[in-house]
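So the chains spell out like this:
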Amino acid sequence: FIIFLHGLPNTTQCICRRPLVIAPTTTKIPTPTVLIICAFLTVLGMTFLILACALPTPKIFYPFFVLLFYVLSVLPVFISKRTTPSNETNPKSEFALFLTAGMVLSAFALPIVLAHSAVISWTACTLTLIGNVINYSTMFGYAMRDGSDGFDAPYGGMF
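This is a predicted model, so every value here is computed, not measured. Per chain, the residues get numbers from 1 upward, laid out in the order the sequence is written. Reporting of local features is limited, given that this is a predicted model, to residues whose pLDDT is at least 70; pairs of side-chain atoms are given and counted only at 80 or more, and all residues count toward the totals for whole chains, interfaces and linings. Derived side-chain values reflect all non-hydrogen atoms in the structure, with water molecules and hydrogen atoms excluded from consideration.

Enquirer: For this particular structure, what's the right way to read helix H2 (residues 66–83)?
Expert: Structural remark: α-helix, 3.6 residues per turn; residues separated by three or four positions point the same way. For H2, which comprises 18 residues, the first-to-last C-alpha distance of 27 Å matches the rise-based estimate of 26 Å (1.5 Å per residue) to within 8%. Turning to H2, its buried residues number three or more, namely Val66, Tyr70, Ser73, Pro76, Val77 and Ser80. The elements touched by buried residues of H2 are helix H1 (31–54), helix H3 (91–116) and helix H4 (122–143). Helix numbers and strand numbers start at the N terminus; a helix is a DSSP run of H or I with at least 4 residues, a strand a run of E with at least 2. A helix is expected to span 1.5 Å for every residue after the first. Three exposure classes are used, based on accessible area relative to the maximum for each residue type with a 1.4 Å probe and protein chains only: buried under 20%, partly exposed in between, and exposed over 50%. Contacts between residues were defined by any pair of non-hydrogen atoms, one from each residue, lying within 4.5 Å.

Structure follows, in structure tokens:
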């Protein structure tokens, strides 16, 4: 930036200085690295889900029903963000977050109900819950990343 000094009569001095740039204290992880980390964590969570189906009692695939909740839990937020023009909170986005929270809760409740009714074993329930924690943590971490694309929402990146 430029500073003009009016010191002496009929003279103007120009002092040109470079702006002070302060380096950020945290470094941002590039997007391809974030995607690779998310892919690795998703594969790890899916591995626990597959182990829940195969390890305790073979050929019992009831823990795979949580995959429906994985897909359905993100749809309300995506639809809400596509139909809402601004980044402000409104009843539509709040209802979408409510539906998402209900589906995430259902994904954690389904294996517990199945294990309590002796459809699956408690080992399969534990492995499914570990997979749920890993997969939903990955989804939440990716959704709450700092929007480097200029997206500024009230609840974080995607929300």
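Enquirer: Whenever I open this one, H1 confuses me. Can you help?
Expert: The terminal C-alpha atoms of H1, which comprises 24 residues, lie 34 Å apart, in line with the 34 Å expected from a rise of 1.5 Å per residue. If you check which residues of H1 are buried, you get Cys38, Gly45, Leu49, Ala52 and Cys53.

Enquirer: What should I look at first to understand the packing of H2 against H3 in this one?
Expert: Helix packing for two helices is described by the angle between their axes and how far apart those axes are. Note on definitions: angles span 0 to 180 degrees between N-to-C directions of axes, and those axes are lines fitted to C-alpha atoms, for helices only across the stretch in contact. The contact between H2 and H3 brings their axes to 9 Å, and the two run at 175°. Overall, the two elements H2 and H3 adopt an arrangement that is roughly antiparallel. For the pair H2 and H3, contact is made by Val66, Phe69, Leu72, Ser73, Pro76, Val77, Ser80 and Thr83 and by Lys92, Ser93, Ala96, Leu97, Leu99, Thr100, Met103, Val104, Ser106, Ala107, Leu110 and Pro111, respectively. We call Asp, Glu, Lys and Arg charged. Ala, Val, Leu, Ile, Met, Phe, Trp, Tyr, Cys and Pro are nonpolar, and the rest, Gly among them, are polar. Across the contact of H2 with H3, the residue classes break down as 13 nonpolar, 6 polar and 1 charged. Reported orientations rely on four angle classes, namely roughly parallel under 35 degrees, roughly antiparallel over 145, roughly perpendicular from 65 to 115, and oblique for the rest.

Enquirer: Is there a simple way to think about the packing of aromatic side chains in this case?
Expert: Aromatic rings in a pair are described by how distant their centres are and how their planes are angled relative to each other. In this analysis, rings of Phe, Tyr and Trp, with Trp reduced to its six-membered ring, are considered paired at centre separations within 6.5 Å, and the interplanar angle assigns stacked below 30 degrees, edge-to-face beyond 60, and tilted for intermediate values. Under the counting rule described, the total for this entry stands at 5 aromatic pairs. With centroids separated by 6.3 Å and ring planes inclined at 20°, the aromatic side chains of Phe61 and Phe64 adopt a geometry described as stacked. Classification of Phe64 as partly exposed rests on a relative accessible area of 28%. Plain terms: the ring middles of Tyr70 and Tyr136 are 5.2 Å apart, the flat faces sit at 85° to each other, and that makes the pair edge-to-face.

Enquirer: Just to check I follow, could you spell out the nonpolar core for this structure?
Expert: Inside soluble globular proteins, nonpolar side chains tend to come together where they are buried. We define the nonpolar core as a collection of buried residues of types Ala, Val, Leu, Ile, Met, Phe, Trp, Tyr and Cys that are connected through side-chain atoms lying within 4.5 Å of one another. Ranked by size, the top nonpolar core spans 7 residues in total: Ala52, Leu114, Ala115, Ile120, Ala124, Cys125 and Leu127. Elements represented by at least two residues in this core include exactly H3 and H4. Among all residues touching Ala52, those that are not within four sequence positions of it are Pro63, Ala124, Leu127 and Thr128. Judged by nonpolar contacts, the second largest core, of 5 residues, contains Leu49, Val66, Tyr70 and Tyr136.

Enquirer: Explanation requested: unusual backbone geometry in the structure shown.
Expert: Backbone geometry follows two general trends: most residues other than glycine have a negative phi, and most peptide bonds adopt the trans configuration. The residue Lys59 is not glycine, and still its phi comes out positive at about 65°. Inspection of the secondary structure assignment puts Lys59 in the loop between H1 and H2. Look at Ala118: it is not a glycine, yet its phi comes out positive at around 65°.

Enquirer: Would you mind going over the side chain of Thr128 with me for this structure?
Expert: Within the secondary structure, Thr128 sits in helix H4. Thr128 sits in the buried class, given a relative accessible area of 0%. Look past the residues within four positions of Thr128 in its chain and what remains in contact with it is Leu49, Ala52, Pro63, Val66 and Pro111.

Enquirer: Got a minute to help me understand the environment of Leu51 in this structure?
Expert: Here Leu51 shows up in helix H1. Judged by relative accessible area, Leu51 falls into the partly exposed class, the value being 34%. Note: C-alpha distance between Leu51 and Thr123 (72 residues apart in sequence) is 9.7 Å.

Enquirer: Whenever I open this one, the side chain of Thr138 confuses me. Can you help?
Expert: For Thr138, the position within the fold is in helix H4. The class for Thr138 is buried, based on a relative accessible area of 8%. N or O atoms within 3.5 Å of each other form a polar contact, as long as, within protein, one can give a hydrogen and the other can take it, and as long as residues adjacent in sequence are counted only when both atoms are side-chain atoms. In terms of polar contacts, Thr138 uses its side chain to reach the backbone carbonyl oxygen of Ile134, at 2.8 Å.

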